[in-house]
Amino acid sequence: MTNTSLKLSSFAKINSFLRILGKRPDGYHEVVTLLQTISLCDEITFELRDDDQIVLHCDDPAIPVDETNLIVKAAVALNQRLQSSHGAEITLTKRIPAQGGLGGASSNAAVTLFALNALWRGNLRADHLWLIARGLGADVPFFLVGGRCLGIGIGSTVKPVHDPPKRSLIVVTPNAKVATANAYAALNAASLTTSESNSILSSSLADMFSAGSGRWPLQNEFEGVIFEIEPEIERAKVALLDAGARGALLAGSGSSVFGVFDDEVARDRALDNLKCEAGWRVFSCETVSRDEYFRAMNSSGFPLFTLS
């Protein structure tokens, strides 16, 4: 890091467990989910400007670079919190598929908060960044923590749990798009469970994934809906299982699926055997623990969130 520039990786996530509890009066859905950072990542370079402009560049022409991009929104929100008018030149090298359910935009936003808080010498505490993150999107707070976390409510209430042993993964993003809003709209969720039952479920899951637990549950209640909307996504899951995955699952609420393998050898063998259709994108990756995540972000000097 120099005084004027910073380059950080922006990691993707998967949901290894996602249960829809019902629809809230405000239109959002109540969920309980288990999130995990993985090594698939974008790269973002931040450089200070002499003016107050936030300028975003991206190598993917399909990604908007105006005020609708969460990177720009995060920079503007941080400026507002600091009551300042700093500028930045930001270059996004995109690798995480858009609308893949992998949290790419949310990760980009969180990394922007880390980087610009450092470059602009904001010196905001972790809890202040957290408040900004919650205003940007449900998944953004998770990317202030990384590793393995339990997400409850609309997903923005994040409880870190201890990381399981490292897992070798293959992520497949087929040639299909499912917007998160469309996935939720297709749900026929039952009415909300009581807050007491939500609390019991969250507590039992937290205990299930407590220290020393190597359990890797695979459940995602979006699968039925999304597989019906886009059968090609289900075919990608079947292809992973046929190639030797010990388990496979829809990665979130988008179009990507992931397969879990016993080790790198099994994963590499599966890569050779994986039968892909035209337009599918395939990524060989692994889980990223919270310690690994913090080390990757630490060059920004961001305030660390501790696991209590």
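What you are looking at is a predicted structure, and each value in this text was computed from that prediction instead of being measured.

Caption draft 1: The overall build of the protein, seen in detail. A count of helical and extended segments in the protein gives nine helices and 11 strands. In the protein, which comprises 308 residues, the share counted as buried stands at 52%. Restricting the contact set of the protein to residue pairs at least 6 apart, pairs at least 24 apart contribute 78%. By element, 47% of the accessible surface of the protein is carried by carbon and sulfur atoms, the whole surface being about 13600 Å².

Caption draft 2: Broad picture of the pairing of strand β9 (residues 247-250). Side chains Gly247 and Leu249 project from β9 onto one buried face, and the interleaved Ala248 and Leu250 project onto a second face that is buried too. For β9 and strand β10 (residues 257-261), the ladder comprises four bridges, and the chain directions are antiparallel. Of the residues in β10, the one forming a bridge with Leu250 is Val257. Taking the residues between adjacent antiparallel strands as the criterion, β9 and β10 are bridged by six residues.

Caption draft 3: Seen up close, helix α7 (residues 231-242). Taking 1.5 Å of rise per residue, the 12 residues of α7 would be expected to cover 16 Å, and the 16 Å separating its terminal C-alpha atoms lies within 8% of that figure. Of all the residues in α7, the buried ones are Glu232, Ile233, Ala236, Lys237, Ala239 and Leu240. Mapping the buried residues of α7 onto a view down its axis gives an arc of 160°, with all of them on the same face. Tucked into the core, α7 has its buried residues touching β7 (168-173), α6 (223-229), β9 and β10. Of the residues one or two after α7, Gly244 is the one with positive phi, at around 115°.

Caption draft 4: View of the packing of aromatic side chains. Applying the stated rule across the entire model yields two aromatic pairs. Ring centres 5.8 Å apart and planes at 55° place the aromatic pair Phe11 and Tyr293 in the tilted group. Of the two residues, Phe11 sits in strand β1 (residues 5-23) while Tyr293 sits in helix α9 (residues 290-297), which places them 282 residues apart along the sequence. Since its relative accessible area comes to 9%, Phe11 is described here as buried. For Tyr293, a relative accessible area of 0% corresponds to the buried category. Relative to Phe143, the ring of Phe142 lies with its centre 5.0 Å away and its plane at 65°, an arrangement referred to as edge-to-face. Of the two residues examined, Phe142 and Phe143, each falls in the buried class.

Caption draft 5: Representation of unusual backbone geometry within the structure. Notably, Gln83 is not glycine yet its phi reads approximately 55°, a positive angle. Within the element layout of this structure, Gln83 appears in the loop between α1 (70-82) and β4 (88-93). Exposure remark for Gln83: the relative accessible area of 77% places this residue in the exposed category. Notably, Arg121 is not glycine yet its phi reads approximately 55°, a positive angle. Position of Arg121 among the secondary structure elements: in the loop between α2 (104-119) and α3 (126-136).

Caption draft 6: Here's a closer look at the sheet that holds β9. Spatially, four strands are ordered β9-β10-β7-β11 in an open sheet, and the strand pairing comes out antiparallel. Two strands lie at the open edges of the sheet, namely β9 and β11 (281-286), each paired on one side alone. Averaged over all neighbouring strand pairs, the angle between strand axes comes to 20°, with direction disregarded.

Caption draft 7: Summary view of the nonpolar core. Judged by nonpolar contacts, the single largest core of 45 residues is most densely connected at Phe46, Leu78, Ile90, Leu113, Leu116, Leu136 and Tyr293. Where this core is concerned, the elements lending two or more residues are β1, β2 (29-48), α1, β4, α2, α3 and α9. Examining the composition of this core, we find that eight residues originate from one element, α2, more than from any other. Discounting residues that sit within four places of it in the chain, Leu78 has contacts with Leu113, Leu116, Asn117, Trp120, Leu124, Leu129 and Ile132. The next biggest cluster of nonpolar side chains, apart from the first, holds 24 residues, and it includes Ile170, Ala248, Val257 and Ala270.

Caption draft 8: Region of the structure containing the environment of Val31. With respect to the secondary-structure elements, Val31 resides in strand β2. Using a relative accessible area of 4% as the deciding quantity, one classes Val31 as buried. As for Val31 and Gly153, which are separated by 122 residues in sequence, their C-alpha atoms are 5.6 Å apart.

Caption draft 9: Molecular detail of the side chain of Glu232. Note on placement: Glu232 falls in helix α7. Comment: no salt bridge for buried Glu232; closest opposite-charge side chain is Arg235, at 4.2 Å. Polar contacts involving the side chain of Glu232 include one to the side chain of Trp280, which spans 2.6 Å. Ignoring sequence-local partners within four residues, the contact set of Glu232 consists of Pro174, Asn175, Ala176, Glu277, Ala278 and Trp280.

Thresholds applied
- Residues numbered from 1 in each chain as written.
- Predicted model: local features only at pLDDT ≥ 70, side-chain atom pairs only at ≥ 80, totals over all residues.
- Heavy atoms only, no water.
- Helix = DSSP H or I, 4+ residues; strand = E, 2+ residues; numbered from the N terminus.
- Buried < 20%, exposed > 50% of the residue type's maximum accessible area, 1.4 Å probe, protein only.
- Contact = heavy atoms within 4.5 Å.
- Areas by Shrake-Rupley, 256 points an atom, 1.4 Å probe, with all protein chains shown as cover.
- Pairing = 2+ DSSP bridges.
- Expected span 1.5 Å × (residues − 1).
- Arc of directions from axis to C-beta.
- Phe/Tyr/Trp six-rings, centres within 6.5 Å; stacked < 30°, edge-to-face > 60°.
- Axes fitted to C-alpha atoms, helices over the stretch in contact; angles between N-to-C directions.
- Core = buried A, V, L, I, M, F, W, Y, C linked by side-chain atoms within 4.5 Å.
- Lys, Arg positive; Asp, Glu negative; His and termini not counted.
- Salt bridge = Lys/Arg side-chain N within 4 Å of Asp/Glu carboxyl O.
- Polar contact = N/O pair within 3.5 Å; in protein donor to acceptor, adjacent residues only side chain to side chain.

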